[in-house]
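# Summary of structural features
So you can see what is in the structure, the chains are spelled out below.
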Amino acid sequence: MAGRGTVKPHSGFNANNDAEVLYKAMKGLGTDEAAILQLLTARSNAQRQEIKAAYKTLHGKDLVDNLKSELGGKFESLIVALMIPPIMYDVKCLRDAIKGAGTDEKVLVEILASRSPNEVSQIKSLYKRGNCVCFGCVILDFDFVFSFLALFAAGEQKFGTDEGQFITILGNRSNAHLRKVFEEYRKLSGYEIEESIQRETSGTLQEVLLAVVKCARSVPGYFADSLYSAMKGAGTDDKTLIRIMASRSEVDMLDIRAEFRKRFATSLHKMIQGDTSGDYRKALLLLCGGDDA
């Protein structure tokens, strides 16, 4: 998946120069939003961290705090999201989804299902909540989800299977491996794995398992569907739009765009253009990186 993002490291990068550009954009009366969005959407996340450090050294101020004080609304939320290191951003999204009344299960499902085993491991260690994530009143263990999926994939459909069998399956839980398992399952049972999950499970667990399968089949396809759902009809789910555009711009945005165009009668670029406005729209379109009309 390397190199499939629309945002790449800027050649000739100079953190001090970029820090000065941002300082001048926020200095005095008024803010030069165009300078801010054009610079930050054209730097990799690692480069943004260097800019943040340079800004602190040169001006003794926190760049993110200054951005928050100068910007507002959805545009501010997007720019701040771009300034957070990827794994820390995932952890922040999980915490935000869980805190307060109710739980935004969609966020938990998205992050749990779409990240690699290594990324999930890093998230778990940063989260500092042991091995669990809260789904409302339910404590759902990360590994349990994949163990449960492995049960279905192995055609067991019952508990009590030797945990060693789980470990063998989960130790090779690449998407390519899971796709082969799903195909063998279909041959053996006559059912697609999704049908069995829908028949044998319900509620949040079913959502998680179906999302895992969808991601195993195509992570970009999963995100294309999520982006379309966020923007279709009346109103926009800006939290989802920001979360996906910020987190996938360096990873697989080109593939998400291609899947979006394949699945729907419009391009991601055109849908963002028609559904958003102002500096928020400009920044999103730069992250999108082009039109696939």
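Calculation rules
- Residues numbered from 1 in each chain as written.
- Predicted model: local features only at pLDDT ≥ 70, side-chain atom pairs only at ≥ 80, totals over all residues.
- Heavy atoms only, no water.
- Axes fitted to C-alpha atoms, helices over the stretch in contact; angles between N-to-C directions.
- Helix = DSSP H or I, 4+ residues; strand = E, 2+ residues; numbered from the N terminus.
- Parallel < 35°, antiparallel > 145°, perpendicular 65-115°, else oblique.
- Left-handed = near helix turned anticlockwise from the far one by under 90°.
- Contact = heavy atoms within 4.5 Å.
- Nonpolar A, V, L, I, M, F, W, Y, C, P; charged D, E, K, R; others polar.
- pLDDT = per-residue confidence, 0-100.
- Expected span 1.5 Å × (residues − 1).
- Buried < 20%, exposed > 50% of the residue type's maximum accessible area, 1.4 Å probe, protein only.
- Arc of directions from axis to C-beta.
- Core = buried A, V, L, I, M, F, W, Y, C linked by side-chain atoms within 4.5 Å.

Turning our attention to the packing of helix α14 (residues 219–231) against helix α15 (residues 238–248). α15 packs onto α14 with a crossing angle of 150 degrees between their chain directions and a minimal axis gap of 9 Å. On the basis of their axis angle, the class for α14 and α15 is roughly antiparallel. The handedness of the crossing between α14 and α15 comes out as left-handed. Here Val 219, Phe 223, Ser 226, Leu 227, Ala 230 and Met 231 of α14 come into contact with α15, specifically with Thr 240, Leu 241, Ile 244, Met 245 and Arg 248. For the contact of α14 with α15, the per-class residue count stands at 8 nonpolar, 2 polar and 1 charged.

We now examine the confidence of the model for the protein. For the protein, per-residue confidence averages 84 on the pLDDT scale, and 83% of positions sit at 70 or higher. Overall, residues 133–140 carries pLDDT values under 50, and its contacts beyond four positions in sequence, including any with other chains, amount to 22 contacts.

The next thing to look at is the packing of α14 against helix α16 (residues 253–263). Running from amino to carboxyl end, α14 crosses α16 at an angle of 65 degrees, the nearest separation of the two axes being 8 Å. Crossing geometry of α14 relative to α16 is assigned as right-handed. Across the interface between the two elements, Pro 220, Gly 221, Phe 223, Ala 224, Asp 225, Leu 227 and Tyr 228 of α14 pack against Asp 255, Ile 256, Glu 259, Phe 260 and Arg 263 of α16. Residue composition of the contact of α14 with α16, by class: 7 nonpolar, 1 polar and 4 charged.

Along its 15 residues, helix α11 (residues 175–189) runs 21 Å from first to last C-alpha, staying within 8% of the 21 Å computed at 1.5 Å per residue. For α11, the set of buried residues is Leu 178, Val 181, Phe 182 and Tyr 185. For α11, the buried positions fall inside an angular range of 100 degrees around the axis, keeping them on one side. Opposite the packed face of α11, turned more than 90 degrees from it, sit the exposed residues Lys 180 and Lys 187. Two residues or fewer past α11, Gly 190 is found with a positive phi of approximately 85 degrees.

Of all hydrophobic cores here, the largest spans 69 residues; its most connected members are Leu 22, Leu 67, Leu 227, Met 245 and Leu 268. For this core, the element with the highest residue contribution is helix α6 (residues 86–98), accounting for 7 residues. Every residue in contact with Met 245, bar those within four places of it in the chain, is listed here: Leu 227, Met 253, Leu 268, Ile 272, Leu 284, Leu 287 and Cys 288. Core analysis: the second largest hydrophobic core is formed by 8 residues, Phe 182, Tyr 185, Ile 193 and Ala 216 among them.

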